[in-house]
Amino acid sequence: MLGIDTGLYPVKHQAFITRRLPMMGPNGGALDMIIDRRHYKGFSAVYGQQFEHTGQIIGCASPDTDAYETRQNIKYNSREFLEIVCEVFAEWIPDLKDVSILACWAGRYTEPRYIVDPEVGLLTGLRGHGFMLGQYLAKLYVDKYLGREVPGYMKELALSGHGLSENAFK
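In this text, all values refer to a predicted model and were calculated from it rather than measured experimentally.

Student: So what exactly am I meant to see when it comes to the pattern of salt bridges here?
Tutor: Think of it this way: side chains of opposite charge can pair up when their charged atoms draw near. For the structure on display, the rule yields six salt bridges. The shortest N-O distance in the salt bridge between Arg-79 and Glu-83 comes to 2.7 Å. Residue Arg-79 and its partner Glu-83 are located together in helix α2 (residues 79-92), separated by four residues, close to a single helical turn. One salt bridge connects Asp-143 with Lys-139, and the closest N-O pair in it is separated by 2.7 Å.

Student: Just to check I follow, could you spell out the nonpolar core for this structure?
Tutor: Generally speaking, a soluble globular protein has its nonpolar side chains buried in company with each other. In this structure, Val-46, Ala-61, Ile-84, Val-85, Phe-89 and Leu-96 are the most contacted members of the largest nonpolar core, which totals 15 residues. Elements supplying a minimum of two residues to this core: β3 (43-50), β4 (57-63) and α2. Apart from the residues lying within four places of it in its own chain, the contact partners of Val-46 are Ile-34, Ile-35, Asp-36, Cys-60, Ala-61, Ile-84, Val-85, Val-88, Phe-89 and Trp-92. Of all hydrophobic cores here, the second largest spans eight residues; its members include Leu-126, Leu-140, Tyr-141 and Met-154.

Student: Explain the packing of aromatic side chains to me, please; I cannot follow it from the model alone.
Tutor: In this description, an aromatic ring pair is defined by two values, namely the gap between the centres and the angle between the planes. Tallied over the entire structure, the rule returns three aromatic pairs. Seen from their ring centres, Phe-16 and Phe-89 are 5.2 Å apart, and the 90 degrees between their planes marks the pair as edge-to-face. In this pair, Phe-16 sits in strand β1 (residues 9-18) while Phe-89 sits in helix α2, placing the two residues 73 residues apart along the sequence. The exposure class assigned to Phe-89 is buried, which follows from its relative accessible area of 4%. Relative to Tyr-109, the ring of Trp-105 has its centre 6.2 Å away and its plane inclined at 45 degrees; by these criteria the two rings are tilted. Judged by its relative accessible area of 39%, Trp-105 falls in the partly exposed class. Given a relative accessible area of 19%, Tyr-109 falls into the buried group. Taken together through their ring pairs, the aromatic side chains of Phe-16, Phe-89 and Trp-92 make up a single cluster.

Student: Sorry if this is basic, but what is going on with the side chain of Asp-36 here?
Tutor: Tracing the backbone shows Asp-36 in strand β2 (residues 34-36). For Asp-36, the side chain forms a polar contact with the side chain of Arg-38, separated by 2.7 Å.

Student: Which parts of the structure should I look at to understand α2?
Tutor: Residues separated by three or four positions in an α-helix point in the same direction, a consequence of the helix having 3.6 residues per turn. With 14 residues, α2 ought to run about 20 Å at 1.5 Å a step, and its terminal C-alpha atoms sit 20 Å apart, in line with that. Those residues of α2 that are buried are in contact with β1, β2, β3 and β4.

Student: Would you explain the confidence of the model for the chain in this entry?
Tutor: In low-pLDDT regions, the fine details of the predicted coordinates are not to be read closely. Taken as a whole, the chain shows an average pLDDT of 87; of its residues, 90% reach a score of 70 or greater. The least confident element of the chain, judged by mean pLDDT, is helix α1 (residues 66-70) at 66; the most confident is strand β6 (residues 115-117) at 93.

Student: Explanation requested: the environment of Lys-144 in the structure shown.
Tutor: Along the polypeptide, Lys-144 turns up in helix α3 (residues 129-145). Aside from chain neighbours lying at most four places away, what touches Lys-144 is Pro-118, Glu-119, Val-150 and Met-154.

Student: Even after reading the chapter, I still don't get a nonpolar patch on the surface, so can you show me in this structure?
Tutor: Where nonpolar side chains cluster on the molecular surface, the patch consists of Met-1, Leu-2, Ile-4 and Val-120 and spans about 520 Å² of accessible area. Relative to the helices and strands, Ile-4 is located in the segment before β1.

What counts as what
- Residues numbered from 1 in each chain as written.
- Predicted model: local features only at pLDDT ≥ 70, side-chain atom pairs only at ≥ 80, totals over all residues.
- Heavy atoms only, no water.
- Salt bridge = Lys/Arg side-chain N within 4 Å of Asp/Glu carboxyl O.
- Helix = DSSP H or I, 4+ residues; strand = E, 2+ residues; numbered from the N terminus.
- Core = buried A, V, L, I, M, F, W, Y, C linked by side-chain atoms within 4.5 Å.
- Buried < 20%, exposed > 50% of the residue type's maximum accessible area, 1.4 Å probe, protein only.
- Contact = heavy atoms within 4.5 Å.
- Phe/Tyr/Trp six-rings, centres within 6.5 Å; stacked < 30°, edge-to-face > 60°.
- Polar contact = N/O pair within 3.5 Å; in protein donor to acceptor, adjacent residues only side chain to side chain.
- Expected span 1.5 Å × (residues − 1).
- pLDDT = per-residue confidence, 0-100.
- Patch = residues over 30% accessible without salt bridge, like charges linked within 9 Å, V, L, I, M, F, W, Y side chains within 5 Å.
- Areas by Shrake-Rupley, 256 points an atom, 1.4 Å probe, with all protein chains shown as cover.

Here it is as structure tokens:
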């Protein structure tokens, strides 16, 4: 309606969370983010971490082919997702094979890049990174809007830029 072609598209994304667990990280702390980036059983990454305040583990798996997941119903988690996260997390930490999943989530993420461009009024495409990076990117958005100095990579985040893919943070 605005005549803006972002090139963004929705992709089904899924996550799970366990019941409360004892801290499983180094020195009795929370388990840091762990990630397996091999292309395996239709997924390109399996990752998760433990919440320090509850001990729960939250985990996700990124689909190998966005287009396949785009057409999937977000009302249900896929059997393939549940199988891959259970298998990989149990490989990492064998004690997790006996831990039940408390809840699952399926929803839409926006791919394939971030757009942070106050000139066209867009701050979008953050996927799950929005939770971690959203506040910082919003500050950059406001700084640029107000004419303040911003990092050089902001030009890549503009609609006319190449963007930053998820790989830029690996």
